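# Structure assessment
Read off the chains here:
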Amino acid sequence: MSENKDPHVTQPGQSVEGVKFVYDFTEGNKDLKDLLGGKGANLAEMTNLGFPVPPGFTITTEACKTYLDSGEEPAALRDEVSAHLDALEAKMGKKLGQADNPLLVSVRSGAKFSMPGMMDTVLNIGLSDKSVQGLARQAGDDRFAWDSYRRLIQMFGKTVLGVDGDLFEEALEKAKEAKKVTVDTELEAADLKKLVTRFKKIVKTETGRDFPQDPREQMDLAIRAVFDSWNGDRAKLYRRQERIPHDLGTAVNVCSMVFGNLGPDSGTGVAFTRDPASGHQGVYGDYLQNAQGEDVVAGIRNTVPLADLEKIDKRSYDQLMQIMETLENHYKDLCDIEFTIERGQLWMLQTRVGKRTAGAAFRIATQLVDQGLIDEAEALTRVNGAQLAQLMFPRFDENTKVAQVGRGIAASPGAAVGKAVFDSYTAVKWSRSGEKVILIRRETNPDDLDGMIAAEGILTSRGGKTSHAAVVARGMGKTCVCGAEELEVDTKRRRMTVPGGHVVEEGDVISIDGSSGKVYLGEVPVVPSPVVEYFEGRMHPGADDADELVEAVHRMMSFADRKRRLRVRANADNAEDALRARRFGAQGIGLCRTEHMFLGDRRELVERLILADTEAEREESLKELLPLQKQDFVELFEAMDGLPVTVRLLDPPLHEFLPDITELSVRVALAESRQEPHENELRLLQAVHRLHEQNPMLGLRGVRLGLVIPGLFTMQVRAIAEAAAERKGAKGDPRAEIMIPLVGTVQELEIVRDEADKVIAEVQEATGTELKLSIGTMIELPRAALTAGQIAEAAEFFSFGTNDLTQTVWGFSRDDVEASFFTAYLEKGIFGVSPFETIDKDGVGSLVKSAAKAGRETRPDLKLGVCGEHGGDPESVHFFHEVGLDYVSCSPFRIPVARLEAGRAAVTSKGSDHR
């Protein structure tokens, strides 16, 4: 049987005509990052610009991928490397490792995306016992030669041969102790020669082989080590953290060596065209005389500010400043530069678009617009929602010395300090007396809402980023750490045991960091965010108290609002949240969860509704709930006057409104043993047993409740309609939308809609007010998505409930799987990111896309939105833009992020008109 193979894909041990694996620095450019990696592409670009770049060549990422896939290098690679090495030797006038005048090279990694320090680099390749003598004679400096040789053995031994780097460091420290010096530059040539001998013995002892003396063997082994480092643990971890694809591979750059360790007229440094911490323009960087590049990064010796180079070597300094200005104008961004000065000659070793803090990103983007280097659309690509979220939340002082006692899932960013409390009642009580508290629970439920509101932050030992605690906390802008499993929470004894056995009692002060998931024992100082004050309207751009960051954020948000097509709504259940959302820029409410209106003091009414034995009892309970619901909606419509408000009818299973079955059973048993009256508790227990379901999330909830419990949905529809009529009577502009949850078939929606239309008509007639209330549904079941064309016949809008849709598509129980196996799935690469955090485009996303298309084929004016937590996730917002949704809805504190990302999606999308 013959095997079909793609002729354009290089097979192991096979040379494919037309495939080029090695590029000279003169052949590439900055747009070839996929092939040459960021470092190789930028070295080529600087070469093209005429800057002083040491000659060299780049081995492509394609060669790396072939090697990693097969374990063998492409057959053509060795010949290509040899040809380019020959050309390099001819250009330099000396050969690699030549005994009397050696050419030395560095071998460096360079992936498409910057991964600083994650992969391998080896300097001074070509040195051997013979060539070190030639280098010394050519340089006229024995110390320099032997210092370079010991560096090669140390780096090669650690990165290529796998020797424990501490062994070399310990030998170096002993050499300095013997010489009674503190820095390696004080070691003389004789000392370094002895150190080389010691280093070679370490290599022999640890590997069973001598340090290789053949310079080509050194280079080939180093190239292979760089390839292998792509799959090193630290590289894989970094890619997971930064969400860099694992299949890109790394390029390898072979570059002729220039030396910063030739004496005081030599050195090495790192420079930035702007301050990467603040974004301010100026001279930023570090310089180190008589050193090689790794000395700066490792912090072995103290550097001097880059500005001091002007006094040390003004000629090189002036040349560097000119190059930096050219690079920034050429790349139109902050550039990060590595350079070496060899006896007064400046050499450029690397440039890349520099990493920066979130604040610097916003400042630099607006500065570049003001300089005319980029336009508003390009500026939006230079910042992102994750950076904005960082700027919005208060944060701890990073220099804290307070003890860390645990770590969980960073569920809702921010920094919170308070006294530990273990139930909602105590949280509210202490908060009202002026105490700041942290609510600690194993997990939270709707009954904890009051305590969550009262608390500065929430800490749970169970759950994940989409657990109840996490979702509600994000909606309120509360700091939250979930799933801190190493913390043993005992709510009955009101205490928490941390690793090591220390017990946190109720009232002890703790601090939680929702950005990192860290938990501290004691108070960590908090730094407030002026950006939130801006969004809240407490700080105005242009005002005396507004700083540059607020000005930059304001301008970027203005850019985004002008560019975006997607509208942004809020998930909000009360007037207070609605007003906050409006201040944050919400253009309506995309999800009002009416179940939150049934908690607290109204719980007794809900219990009576559930326990009703007769139709009259049920109607009486609904009659008492009606005015309360109506007032809720009046306040909500007033807060969002002139903007749409989508009200979801009751969704969760009714047992959530009843006491816990175990707790209730205990109460009944105790009452019986004491022969105390317990009729009400017994009825409640019977009701709990009657309503008990093995899988309540797939049981009697949503539209099924409205069909099974007469009058429930019609009471809610009447409350909405009467509230809208009252607001119109007060000259308001209510724009209510009624959403039916968990619909799986059009027949369910048709029945509820018919009943709703009758109620609306009755209210119109009774009040003499014309009402325009649209009726739609949540698409949160696979069947609903697959039959969207039919459902659209009865729906005026779809709102995709992507939280439940993700659960039902994947077969996941959201509250269980994140803690049980998601970590393993992320580590194994099954997930790049949790599907509850970012939309699963291939699975859940394909259903959203097809349902949107089918719905609009049936009803071209069908309004489409999303109200799951994905509505505030940056990457998901781009997807929703691409598939043509009209709006996203998210928690109030994520609205600015969604606004920014909607603007970014508009300027980066290939096309957005899907109607």
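Above: the structure in question.
Quick summary incoming for the structure in this document.

Conventions adopted
Residues numbered from 1 in each chain as written. Predicted model: local features only at pLDDT ≥ 70, side-chain atom pairs only at ≥ 80, totals over all residues. Heavy atoms only, no water. Helix = DSSP H or I, 4+ residues; strand = E, 2+ residues; numbered from the N terminus. Buried < 20%, exposed > 50% of the residue type's maximum accessible area, 1.4 Å probe, protein only. Contact = heavy atoms within 4.5 Å. Areas by Shrake-Rupley, 256 points an atom, 1.4 Å probe, with all protein chains shown as cover. Lys, Arg positive; Asp, Glu negative; His and termini not counted. Charge placed at Lys NZ, Arg CZ, Asp CG, Glu CD. Pairing = 2+ DSSP bridges. Axes fitted to C-alpha atoms, helices over the stretch in contact; angles between N-to-C directions. Patch = residues over 30% accessible without salt bridge, like charges linked within 9 Å, V, L, I, M, F, W, Y side chains within 5 Å. Salt bridge = Lys/Arg side-chain N within 4 Å of Asp/Glu carboxyl O. Core = buried A, V, L, I, M, F, W, Y, C linked by side-chain atoms within 4.5 Å. 1 Å grid on protein atoms, 1.4 Å probe; cavity = no way out; pocket = protein on both sides within 12 Å on 5 of 7 lines; lining within 4 Å. Points joined across faces, edges and corners; volume = space filled by probe spheres on them. Nonpolar A, V, L, I, M, F, W, Y, C, P; charged D, E, K, R; others polar. Polar contact = N/O pair within 3.5 Å; in protein donor to acceptor, adjacent residues only side chain to side chain. Disulfide = S-S within 2.5 Å. Expected span 1.5 Å × (residues − 1).

## Describing the overall build of the protein
A count of helical and extended segments in the protein gives 36 helices and 31 strands. Judged by the C-alpha coordinates and their principal axes, the protein covers about 105 × 75 × 65 Å. Within the protein, buried positions represent 56% of all 915 residues. Taking as baseline every contact in the protein between residues at least 6 positions apart, the subset at least 24 positions apart corresponds to 67%. Carbon and sulfur atoms make up 47% of the accessible area of the protein, which amounts to about 39200 Å² in all. In the protein, 113 side chains carry a positive charge and 144 a negative one; their mean positions are 3 Å apart.

## Section: the sheet that holds strand β16 (residues 457-460)
What holds strands together in a sheet is hydrogen bonding between their backbones, with the strands either parallel or antiparallel. Reading across from one edge, β12-β22-β21-β14-β15-β16-β17-β13 is the order of the eight strands in this open sheet, with mixed pairing throughout. Edge positions in the sheet fall to β12 (403-407) and β13 (409-412), since each of these pairs with one other strand and no more. Each strand of the sheet is rotated relative to its neighbour by a mean of 30°, with strand direction disregarded. Note: β16 against strand β17 (residues 479-482), three bridges, orientation parallel. Looking at the pairing, G457 lines up with T479 of β17.

## Some words on a negative patch on the surface
A grouping of D164, D166, E169, E170 and E206 is seen on the molecular surface, where their side chains present a negatively charged patch. Tracing the backbone shows D166 in helix α6 (residues 165-179).

## Side note on the nonpolar core
The biggest cluster of nonpolar side chains holds 138 residues, and the ones touching the most others in it are F362, L388, V553, I740, F798 and F800. At 10 residues, helix α27 (residues 712-729) tops the list of elements feeding residues into this core. By size, the runner-up hydrophobic cluster in this structure holds 59 residues, among which are L88, V105, A225 and V252.

## Overview of empty space enclosed by the protein
The probe, sized like a water molecule, is rolled over the atoms to show the empty space still left. Taken as a whole, this structure holds two cavities of 30 Å³ or more when the rule is applied. Taken as a whole, the largest cavity encloses approximately 140 Å³ of empty space. Taken together, 16 residues line the largest cavity, and the ones lying closest to its centre are R108, L123, M257, V258 and L349. Of all the elements, strand β5 (residues 250-256) adds the most residues to the lining of the largest cavity, at three residues. If you add up the space inside the second largest cavity, you get close to 40 Å³. Around the second largest cavity, the lining residues are F598, V606, L609, L625, L650, L654 and L712. For the lining of the second largest cavity, a count of residues per class yields seven nonpolar, no polar and no charged.

## So, the sheet that holds strand β3 (residues 105-111)
Read from one edge of the open sheet, five strands run β1-β2-β5-β3-β4, paired in antiparallel fashion. At either end of the open sheet lies a strand with only one pairing partner, and these are β1 (22-24) and β4 (121-125). Put simply, the sheet's adjacent strands are angled 20° from each other on average, direction ignored. As paired strands, strand β2 (residues 56-59) and β5 are joined by four bridges and run antiparallel to one another. In the sheet register, F57 faces β5, and the bridge partner there is V254. Each of β1, β2, β3 and β5 is contacted by helix α1 (residues 33-48), which is oriented at about 125° to β3, the strand it contacts most.

## Here's the deal with the environment of K112
Positionally, K112 belongs in the loop between β3 and β4. We classify K112 as partly exposed; its relative accessible area is 29%. Remark: the alpha-carbon pair of K112 and G517, spanning 405 residues in sequence, is separated by 30 Å. Once you skip the residues sitting within four places of it in the chain, K112 turns out to touch K33, D34, G37, G38 and L248. A polar side-chain atom of K112 sits 2.7 Å from a polar atom in the side chain of D34.

## Describing the side chain of E89
Looking at the element boundaries, E89 is found in helix α3 (residues 75-92). Judged by its relative accessible area of 10%, E89 falls in the buried class. Setting aside anything within four residues of it in sequence, one finds E89 in contact with K94, K95, L96 and L103.

## A word on the pattern of salt bridges
Following the criterion strictly, the structure yields 57 salt bridges and no others. The partner of R363 in a salt bridge is E548, with the nearest N and O atoms 3.9 Å apart. With a gap of 185 residues between them, R363 in helix α13 (residues 358-370) and E548 in helix α20 (residues 548-563) connect regions that are remote in the sequence. A relative accessible area of 15% places R363 in the buried class. Of the charged contacts, one joins E443 and R462 as a salt bridge, the two residues approaching to 3.0 Å between their closest N and O atoms. Of this pair, E443 sits in the loop between β15 (437-441) and α17 (449-454) while R462 sits in the loop between β16 and α18 (468-476); the two residues are 19 residues apart in sequence, bridging distant segments of the chain. With a relative accessible area of 38%, E443 lands in the partly exposed category. The network of salt bridges with shared partners includes R143, D147, R150, R151 and D184.

## What about the state of the cysteines?
Inspection of every chain in the model, using the stated rule, returns zero disulfides. With no disulfide of its own, C64 lies closest to C255 among cysteine sulfurs, the gap being 19 Å. Among the residues examined, C64 registers a relative accessible area of 0% and is labelled buried.

## Re the pairing of β4
Within a regular strand, side chains alternate between the sheet's two faces. Burial of β4 is extensive: four of the five residues sit out of reach of the surface. As defined by bridge partners, β3 adjoins β4 across three bridges and the pair is classed as antiparallel. Bridge assignment links R108 to a residue of β4, and that residue is T121.

## Remarks on the side chain of R274
Note that R274 resides in strand β6 (residues 267-274). There is a polar contact of 2.8 Å between the side chain of R274 and the side chain of E328.

## Remarks on α3
Here α3 spans 27 Å end to end across 18 residues, near enough to the 26 Å set by a 1.5 Å rise per residue. Considered for burial, the residues of α3 that qualify are A76, L77, E80, V81, H84, L85, L88 and E89. Buried-residue contacts for α3 involve β1, β2, α2 (61-70), β3, α8 (215-229) and β5. Phi turns positive one or two residues past the end of α3, at G93, with a value near 75°.

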